[in-house]
Amino acid sequence: MDVLIVGGGGREHTLVWKLAQSPEIHKIYCAPGNAGIASLAECVPIDASDVSALQQFARDRGIHLTVVGPEAPLMEGIVDLFQENGQLIFGPPRSGALLEGSKVWAKQFMSRHQVPTAKFEVFDTPEEAYAYLRETSFPTVVKADGLAAGKGVIIAENFEEAARAVQQIMEAKVFGAAGNRIVIEEFLQGEEVSVFALTDGASYVTLPSAQDHKAIYDGDRGPNTGGMGAYSPAPILSKKYQEDVERFILEPVFQGLAAEGIPYRGVLFVGLIMTQQGIKVLEFNVRFGDPEAQVILPRMKSDLLPLLYEGARGNFRVIEPPEWHENYSVCVVMASEGYPGAYEKGKVITGLAEAAGMDQAVVFHAGTALQDNQIVTAGGRVLGLTAWDHSLEAAVEKAYELSGLIHFEGAYYRRDIARRALKNP
Ligand code: AMP
Ligand code: GLY
């Protein structure tokens, strides 16, 4: 089978790496890919958001299955476009991508289907939002409706901070049209954990849990990033909680999508928070997490390809549930100095060959490029140092061993990935 992966980050390298192990794979293409992906797939210089160029490429090359990594093309309607042309693609249509693309829509969807989430109000004008903020209690959470590259959520400690957030989002339009509407919601307290499910539109399979580290600095301090590291499974999600997630969250969400006539075939990524009042949904994403994919997919014992292929065909009934390794995995993200702010590119990366010699470990490339026969940095998040082992301690140790082998000027990574889980097993 010839497969096209859309995207070019660490998540896509992980998808390519896992699919390359499938006996059914003939050739993998990746658009646009990166220097690490180039060793396993043919990289195609098409932007991940150029959905019509992707559709034409897939048609011309006779691609059997396209798999979408990031959210932007899903919101652009890449799945709808491929399906209109009779081309197989794994991902939700635009109507389903709204679970991530519109926080207003997602919150209202959860209300319609009794999915537990923070209490909320929706505002179309700044005046109404300011009036509400004068009455409410703090902290409170202000969220831009649309996609805002992970920056559209502000936790406000007082009226001034909340009002500034409303002013920035709705009046200064710092996120453009994504700020035409906002959600203001109840602040929830608790440990966060992510759960992933794959669905063919009729049934679903749940993947192991994972925990991300969003803040740039150790101890969860500093600005949020795309994710600085992850581990799987998340020991905090005990069996009892897993049952609650199925019963109170995944089942009503998938039933709700079906009841509303949304043919959702793809990944659902649920950001959860474990509060005193039970488990609640913070947000949905309609794709694999990055770097969560880097820790979940290496733990999959079975072949990923049949799940994606039959998922895209709405045909899960012919597949066996996936099998998993009973191990722990950890990913430490190596980033460019300055990220998530401005950073330099083009720094030569050394030590990748040494790292490749390590067992049960792999360095996934995120922002890398090939320049004059050398691999150089080309993004904020550069590499995902990933390792797995029989215990979380051993996996953490191995991931950090990789950090001793790999160097580039200005390399920065958190030193405390998974430390919290090691403290409270
Ligand atoms: P979201 O993009 O909605 O997941 O928000 C990003 C981050 O903001 C989450 O991972 C949480 O850390 C935080 N957050 C979002 N909503 C809430 C809430 N209602 N209460 C507390 N923290 C929140
Ligand atoms: N790591 C969080 C995300 O992929 O959205």
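In this text the structure is predicted, and so the values were computed from the model without any measurement.

Trainee: Whenever I open this one, helix α7 (residues 126–135) confuses me. Can you help?
Mentor: A turn of α-helix holds 3.6 residues, and therefore any two residues three or four places apart point the same way. For α7, the set of buried residues is P126, A129, Y130 and L133. Seen end-on, α7 carries its buried residues on one side only, within an arc spanning 100°. Seen from the open side of α7, the exposed residues pointing more than 90 degrees away from its buried face are E127, R134 and E135. Buried residues along α7 sit against β6 (120–123), β7 (140–144), α8 (159–171) and β9 (182–186).

Trainee: I tried to follow the site of ligand 1 on my own but got confused; where do I start?
Mentor: Around ligand 1 sit 14 residues in total, of which E185, E186, L188, E192 and E283 are the nearest. In this structure, an oxygen atom belonging to ligand 1 sits 3.4 Å away from a side-chain N or O atom of K103. K214 is positioned with one of its side-chain polar atoms (N or O) 3.1 Å from an oxygen atom of ligand 1. Relative to its unbound accessible surface of 460 Å², ligand 1 loses 88% to contact with the protein.

Trainee: Hey, could you run me through a nonpolar patch on the surface in this one?
Mentor: There is a patch of nonpolar side chains on the surface, built from V153, I155 and F187 and spanning about 230 Å² of accessible area. Looking at the element boundaries, I155 is found in strand β8 (residues 153–156). Judged by its relative accessible area of 44%, I155 falls in the partly exposed class.

Scoring rules and cut-offs
- Residues numbered from 1 in each chain as written.
- Chains lettered and ligands numbered in written order.
- Predicted model: local features only at pLDDT ≥ 70, side-chain atom pairs only at ≥ 80, totals over all residues.
- Heavy atoms only, no water.
- Buried < 20%, exposed > 50% of the residue type's maximum accessible area, 1.4 Å probe, protein only.
- Helix = DSSP H or I, 4+ residues; strand = E, 2+ residues; numbered from the N terminus.
- Arc of directions from axis to C-beta.
- Contact = heavy atoms within 4.5 Å.
- Near = heavy atom within 4 Å.
- Polar contact = N/O pair within 3.5 Å; in protein donor to acceptor, adjacent residues only side chain to side chain.
- Areas by Shrake-Rupley, 256 points an atom, 1.4 Å probe, with all protein chains shown as cover.
- Patch = residues over 30% accessible without salt bridge, like charges linked within 9 Å, V, L, I, M, F, W, Y side chains within 5 Å.
- Salt bridge = Lys/Arg side-chain N within 4 Å of Asp/Glu carboxyl O.

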